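Overview (structure and organization)
Now for the letters of each chain:
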Amino acid sequence: MMAERRLSSREESLLEVQVEARLLRVKMVLLGSSGVGKSSLALRFSKDEFKASAPTIGCAYLTQVVCLHNARIRFEIWDTAGEEKYHSVTPLYYRGAHAALVVYDICKRESFARAQLWLKELEKQYFPGETVVGLVGNKADLSDGRKVSLQEGYRLAESKGLLFMETSAKSGQQISELLMTIAERVQKSTREDRGLVEWREVESVGLHQGERPHPLGTCCLVGP
Amino acid sequence: MEEVQQDREQPEVMRCTEPRSHCSPIETDSLEAAATVSLHGSSPEVQDCGTEGPFPCKSDGIKSSSSTNGPSEPELQGPGGEGPSERASNTNEVERASDLSEVERASNLSEVENASKPSEEERLSNLSEEERVSNLSEEEMVSNLSEEERVSIPSEEERVSIPSEEERVSIPSKVETVSNPSDVERASNLSEEERLSNEVSAGEINGQSQPQGSAKEEEDQPENVSDSASTDNTLEDSSEFMVTVLARATLEDQGEGPPSGLSEASTPAQGPAPSNQDEDVTAESWRRHRKHVFVLSEAGKPIYSRYGNEEALSSTMGVMMALVSFVQSGDNAIRSIYSDEHTVVFMQQGPLVLVSVSCSRQSEQQLRGELIYVYNQIVSMLTQASINRIFERKKNYDLRRLLAGSEKILDGLLNLVDSDPSFLLSAVHCLPLASSLRDSLSQILQKAITPNLVFSILIAKNQLLTIVQEKTVIEDARLEPADLHLLLNLIGASSAFQAGEIWTPICLPLFNPDCYFYAYISYLDPPECTVCLLLLSTDKEAFYAVAECKRKIDEGMRTQNALRSIAKAQSYSASQVGVSDLRHFMYKPFDVPDNHRQLTQFTSPEMEAPYSSEEEKTRLLDLYRYMHSRIHSNSRPLKLIYHVAERETLLAWVTSKFELYTCFSPLVTKASAINAITKLLRWIKKEEDHLFIRSPPKYSTTPNPSKSSRGGTTDNGFLTLL
C-alpha cells in the first residue's frame, strides 16, 4: 500500500494526467474549526483507523487510492489544523484543491457557524462546480448531544449546491460512502477541459520548485 | 517531603549559608528576612560597580539579617549573617573568576569573626592558584587534586568538604591567567546590566509590594518545603537594591485574603479540557505544585497557566501585572521575589510577561532560563514579529486565541524541562551510535536534498541521531541546542505526526525569531514511530520537493537496513564505564575552537537503580541542579564542588574543556572519587566517536543557493491575516 502510494513520482503522474490518466491525483483539503475531527476523518480515509489525536500542527498530508469503475483516484488529503494561529497559512494548503470538505461537529453549534465562514472563504477562491465542496457533520455517533440538526446541515448544503453528509470518524459510519461520492464528483468535474488545465497547474508547483511560485499564481487561475 | 529530605542532606556548611531554612516560622523576629524583593541587582558585584557607596548599603543588609537570624541560628558561624558567613563557609570551595576586588574580599572576610578557615592571605593567594590549576590538562589536574588530597587534613565534622583552600596552598603558585574568559565576560556583562538599572527607593517598594507580594507568596506556600532561595537569597540580602518584605507579618495580618479573592474569580472548569486545565485553583493541591508558570500580556490578560484554567487565575495574574507595572513606573524592572519556600521570578519579553513560582530548589538563573524556553516555544509558533505586531495594534489582544491548542505543547515543554537535563545544560543529547552507522545515516541525508532545504535531522527515541546542514546557512548561523529542544518537544507533543506527513510553519527563535521555516516531519518506521525525520526548508511551497527527499531517504535506509541498526541502538549504563561507585554522570564537552560551529552536546548514561523511580530521578536531577547553580552562580562561580549528600556523593567540575557532573555511592572517598573521574574521562575519550556527533556534515543544496538563510526566510505574506 505504501509502495503504491509512492509509486507515482511527480513526472510519472504528470504524464498520466496528460495521457487521460488512469491514476488521477486529487487534492482534497479538510477545513473546519479545531476539535471537529478533521484528523480523525483523514485517518479513517487513509487507514480506516480511529485514534484520538492531539491537535494537528500545521497540516498533515495523507494519501489514499480509491478505485472507481474506470479509473483509480489517488486522494492527497491535506488535513489542516483548525486552530486560529494557522488560519493565515491554510490558503497555502487549500489552493488548487479539487475537493474541499468543510467539517463541523454536530454537537457544537459554534463549529457550524465557523463552517459557514469557511464556505464563504472558499467561495472567494473557487468557481462553483469546478471544485467539489462538501459539508460534513462529524461525530454522528454522539447524536444524543446533537446541537445542529440534520435538516439545518442539509438546508445549508442545498442552498449552496454542496455535497452533504453526516459521518462518524469514530464508528466509521458513512466514511467510505463520502469518499466514493467525492471521487465520482471530482472525476465528473475534471472530465471537462478546464479541469485538466487546473491539474497541470498543480503539478507545476512541484516541477519548478526552484523558482518561487507566484503566491497568487494558482489562485488567480483557479479562482474567480 | 522530598524537599525536606534534601534539606537534611544539606551539609553543615551549606546550612550556614541558608540560615532561613532553619528559622522556624514561629520565630517572629526574623520577619524582615522572610522575603525579599530583588530588583536589578542580584549579586554583590553590583556593589563594586555601583555608583553609590557599596559598603554602607551592604553592611545594612547584613545587619538586618544578622539581627534577625542570629538568635535563632545557633549553627551560624558568626553574627555576621549571610553575607560573610557564606564567604566563610565557602572557603573550602574552589572559586572561579571573581571580580570582587581583593580589598573588598579582605574586608568581607574580616567581618567574619568565627571564620575558622584560612586566613585572608591564603585566600587571596589561592585565587591565582585556581587559575593555574584550570590551565592544566585534565589528567594533570586530577592527579594534582589527588596529590592535594593526600596532604589535606579533612575538615572535622563537616560533611561537605570540597578540596579545600589549605590543600591547594601546597601547589606552587604560577602566573595568574584568565582561564575562563567567558565567565569574566559574563560577570562583567552582568555588572553592566546592574549598573543600568536605576535604584528604587527601598521604602517605596516595600510599602507597595509588601501586601501583594507576600500575600501571593503565602497563598501558594506548601508546608514542608525548604528554602528555595538558598545562596541567591543571601546575595539579595547584601545587595543594595534589596528590599525587605515583611512576609510573615502580612501573613498574619491578611490571613486568608488572597485565597478568598481567588475563589471569587474561579469558575468551574470548562468542558473536556485537559486535566491540567480542570484543576481547582483554590484547592490546596494546586498551591502545592512544585513549579507554576504563568504567561500574561502586558495588559494583564492571562495567556497561559501550567496548572488550572488561566481564566480562573485572572485576579492572581492581575496582581502579578500590578507588581510588574508598579516597579516599572519607577523606571525599574522587578526580577524576583523570595520567600521562605518560594522563588518568584519575573521576566518581561516584549509584550509578554512570564512568571515562574517555584518551590523547587532551583536558582533564579535556572528558572529564568526555563521561562526563556517557554517564551521561545510561543515564538516558535507565532514568531516574535507577529506577537509584537499584534500587541502594537491592540494592547488588550487575547493571545489565547492564537495559542489555542498549543497548551499541550507548553505543558509538554515544562514537563521536559523538569525531567530532561538537556535543558539545564543547554546541550543536545544524542543517541550513542557506532560512528560508521552515524556516518552512513548522514550520507543518506546528504544525498536527499532539494533547493532551500536547510537542515535534515534524524531523531530516534527523542534523541538526536544525526543532523545535516546546508553549508551557506551554517556559515551564517548555527542551529542552537535550544532551538532543537523546541523542535523535539513539538514532535513529542503531537501524536498527529504519526498519521502522515506534516508540513508546518515553525520559527526557530534563536536562529531568527521573526521568520518561519517550513518543517516537514514524518516517521520512517510506521507504525512503531520511533525514528523521526525532520526536514526544514525556507520555501513554503516546497512540500512536494521535500516529501520527495523523504522517499529517497526511505529508500536509502531500506537498502542499508539502517532502521534495524537504529532500533538496536540504545543508551548505555553507567556500569559500562567500569568504575565502581559511579552511579551516574553528565558530561558536556565545550566546543574547541577548530570546530566551534558544532552543536553543543552532552552525554549521560541511563538513570538506573537506585534512580529508576520517578521520585528518585527527580531527586537526582535536583541535586544536579543544585550543583549546577553553584557552579554557575553569577556572584560566586565555582569550578569544583564535592558535595556529600545523604544518599549519594556528588562531584561537579567545570574546566575550559568540559563540564562534568558525577554521582557516586555515598561511601565513596574523595580520593577514590577523583580517581574514578580520571577513569571516566579516559573512558569518554575512548568512546567519543560513539557518544557524540563529531562533525555534523554539511551540504550545498544548489550551486547557487537562494541568497541568504537568515534574511531569505522572511515571509511577509504569511502573517498578514493576523
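Residues numbered from 1 in each chain as written. Chains lettered and ligands numbered in written order. Predicted model: local features only at pLDDT ≥ 70, side-chain atom pairs only at ≥ 80, totals over all residues. Heavy atoms only, no water.

**As for the overall build of chain A**
A tally of regular secondary structure across chain A gives nine helices and six strands. Within chain A, buried positions represent 57% of all 224 residues. Counting contacts in chain A only where the partners sit at least 6 residues apart, residues at least 24 apart contribute 72% of the total. Accessible surface computed for chain A: about 9900 Å², of which carbon and sulfur atoms make up 53%. (Helix = DSSP H or I, 4+ residues; strand = E, 2+ residues; numbered from the N terminus. Buried < 20%, exposed > 50% of the residue type's maximum accessible area, 1.4 Å probe, protein only. Contact = heavy atoms within 4.5 Å. Areas by Shrake-Rupley, 256 points an atom, 1.4 Å probe, with all protein chains shown as cover.)

**Notes on the overall build of chain B**
In terms of regular secondary structure, chain B is built from 29 helices and 19 strands. Burial analysis of chain B (722 residues in total) assigns 62% to the buried set. When the accessible surface of chain B is summed, it comes to about 26100 Å², and 51% of that surface belongs to carbon and sulfur atoms.

**With respect to the pattern of salt bridges**
Counted under the stated rule, the structure contains 30 salt bridges over all chains. Between lysine 160 of chain A and glutamate 123 of chain A there is a salt bridge, and its shortest N-O distance comes to 3.1 Å. Of this pair, lysine 160 of chain A sits in helix H6 (residues 150–160) while glutamate 123 of chain A sits in helix H5 (residues 109–125), and the two are 37 residues apart along the sequence. Note that glutamate 284 of chain B and arginine 287 of chain B form a salt bridge whose closest N and O atoms lie 3.3 Å from each other. (Salt bridge = Lys/Arg side-chain N within 4 Å of Asp/Glu carboxyl O.)

**A short note on helix H21 (residues 407–419) of chain B**
The end-to-end C-alpha distance of H21 of chain B is 18 Å, a good match for the 18 Å that 13 residues give at a rise of 1.5 Å each. Taken together, the buried positions of H21 of chain B are occupied by Ile409, Leu410, Asp411, Gly412, Leu413, Leu414, Val417 and Asp418 of chain B. (Expected span 1.5 Å × (residues − 1).)

**Overview of the pairing of strand S1 (residues 23–31) of chain A**
Two faces make up the sheet, and in a regular strand the side chains alternate between them. All names here are of chain A. Burial within S1 is extensive, with nine of its nine residues counted as buried. Burial along S1 is two-sided: Leu23, Arg25, Lys27, Val29 and Leu31 and Leu24, Val26, Met28 and Leu30, pointing in opposite directions, are all buried. The sheet contact formed by S1 and strand S3 (residues 72–80) spans eight bridges and is parallel. Within the sheet, the bridge partner assigned to lysine 27 lies in S3 and is glutamate 76. Examined bridge by bridge, S1 and strand S4 (residues 99–105) share four bridges and lie parallel to one another. Following the sheet pairing, leucine 30 is matched in S4 by leucine 101. (Pairing = 2+ DSSP bridges.)

**Details of the packing of aromatic side chains**
Applying the stated criterion across every chain, the model contains 25 aromatic pairs over all chains. The interplanar angle of 65° and the centroid separation of 4.6 Å between the aromatic rings of tryptophan 78 of chain A and phenylalanine 543 of chain B together place this pair among those described as edge-to-face. Taken as a pair, tryptophan 78 of chain A in strand S3 and phenylalanine 543 of chain B in helix H26 (residues 543–560) lie in two separate chains rather than in one. The exposure class assigned to phenylalanine 543 of chain B is buried, which follows from its relative accessible area of 3%. (Phe/Tyr/Trp six-rings, centres within 6.5 Å; stacked < 30°, edge-to-face > 60°.)

**Notes on the sheet that holds strand S18 (residues 658–664) of chain B**
Residue and element names in this part refer to chain B. Taken in spatial order, the four strands line up as S14-S18-S17-S16 in an open sheet, and their pairing is antiparallel. In the strand order of this sheet, the two ends are held by strand S14 (582–589) and strand S16 (640–644), each with one partner. Ignoring which end each strand starts from, the neighbouring axes of this sheet average 5° apart. Relative to strand S17 (residues 649–654), helix H28 (residues 614–631) is tilted by about 40°, and along the sheet it contacts S14, S16, S17 and S18. Along the sheet face, helix H29 (residues 670–691) touches S14, S16, S17 and S18 and points at about 125° away from the line of S18. (Axes fitted to C-alpha atoms, helices over the stretch in contact; angles between N-to-C directions.)

**Looking at the sheet that holds strand S11 (residues 501–506) of chain B**
The mixed open sheet is built from 12 strands, whose spatial order is S6(A)-S5(A)-S4(A)-S1(A)-S3(A)-S2(A)-S11(B)-S12(B)-S13(B)-S9(B)-S10(B)-S19(B). A strand with exactly one partner marks an edge of an open sheet, and here the two such strands are strand S6 (163–166) of chain A together with strand S19 (698–699) of chain B. The pairing of strand S10 (residues 463–470) of chain B with S19 of chain B spans two bridges and is classified as parallel. Each residue of the ladder has a partner; that of glutamate 470 of chain B, found in S19 of chain B, is tyrosine 699 of chain B.

**With respect to the pairing of strand S9 (residues 453–460) of chain B**
All names here are of chain B. Where burial is concerned, most of S9 is hidden: eight out of the eight residues are buried. Sheet topology note: the S9/strand S13 (residues 531–537) ladder contains seven bridges and is antiparallel. Residue pairing for S13: isoleucine 459 is matched across the bridge by cysteine 532. Both S9 and S10 contribute to a ladder of six bridges, which runs antiparallel. When the sheet's bridge partners are listed, serine 456 is paired in S10 with valine 468.

**With respect to the packing of helix H23 (residues 435–447) of chain B against H26 of chain B**
Residues and elements named next belong to chain B. At a minimum axis distance of 9 Å, the contact between H23 and H26 shows a crossing angle of 150°. Crossing handedness for the pair H23 and H26: right-handed. Contacts from Ser440, Leu441, Ile444 and Leu445 of H23 reach H26 at Ile553, Gly556, Met557 and Gln560. A class-by-class count of the residues in the contact of H23 with H26 yields five nonpolar, three polar and no charged. (Left-handed = near helix turned anticlockwise from the far one by under 90°. Nonpolar A, V, L, I, M, F, W, Y, C, P; charged D, E, K, R; others polar.)

**Observations concerning unusual backbone geometry**
Residue and element names in this part refer to chain B. With an omega of 5°, the peptide bond between alanine 609 and proline 610 qualifies as cis. Inspection of the secondary structure puts proline 610 in the loop between strand S15 (601–602) and H28. Positive phi is not limited to glycine here, since aspartate 331 has a value of about 55°. The class of aspartate 331 is exposed, set by a relative accessible area of 61%. Phi angles above zero are rare outside glycine, and lysine 461 is one such case at about 50°. Note on placement: lysine 461 falls in the loop between S9 and S10. Lysine 461 sits in the partly exposed class, given a relative accessible area of 40%.

**Considerations on H28 of chain B**
With 18 residues, H28 of chain B ought to run about 26 Å at 1.5 Å a step, and its terminal C-alpha atoms sit 25 Å apart, in line with that. The buried count for H28 of chain B comes to 14 of 18 residues, which makes it a mostly enclosed element.

**Things to note about the environment of methionine 586 of chain B**
Residue and element names in this part refer to chain B. For methionine 586, the position within the fold is in strand S14. Residues methionine 586 and phenylalanine 602, spaced 16 residues apart in sequence, show a C-alpha to C-alpha distance of 6.8 Å. With near-sequence residues (within four places) excluded, methionine 586 lies in contact with Pro421, Leu425, Thr603, Ser604, Tyr624, Glu659, Leu660 and Tyr661.

**Notes on the packing of helix H18 (residues 364–382) of chain B against helix H25 (residues 481–493) of chain B**
All names here are of chain B. Two elements in contact, H18 and H25, have axes whose closest approach is 10 Å; the angle formed by their N-to-C orientations is 65°. By the angle class used here, H18 and H25 are roughly perpendicular. Judged by the twist between their axes, the crossing of H18 over H25 is right-handed. Here H18 contributes Tyr373, Asn376, Gln377 and Ser380 to the contact with H25, which in turn contributes Ala482, His485, Leu486 and Asn489. (Parallel < 35°, antiparallel > 145°, perpendicular 65-115°, else oblique.)

**Here's the deal with the environment of valine 66 of chain A**
Residue and element names in this part refer to chain A. Inspection of the secondary structure assignment puts valine 66 in strand S2 (residues 59–67). Valine 66 sits 117 residues away from alanine 183 along the chain, and the two C-alpha atoms are 7.5 Å apart. Residues in contact with valine 66, not counting those within four places in the same chain, are Ala71, Arg72, Ile73, Phe75, Leu179, Met180 and Ala183.

**Quick notes on the confidence of the model for chain B**
All names here are of chain B. For chain B, mean pLDDT is 69; residues scoring 70 or higher make up 56% of the total. Contacts of residues 40–274 to residues separated by more than four positions or lying in other chains number 443 contacts, the stretch itself having pLDDT below 50. In the model, residues 703–722 has pLDDT below 50 throughout and makes 38 contacts with residues more than four positions away in sequence or in other chains. (pLDDT = per-residue confidence, 0-100.)

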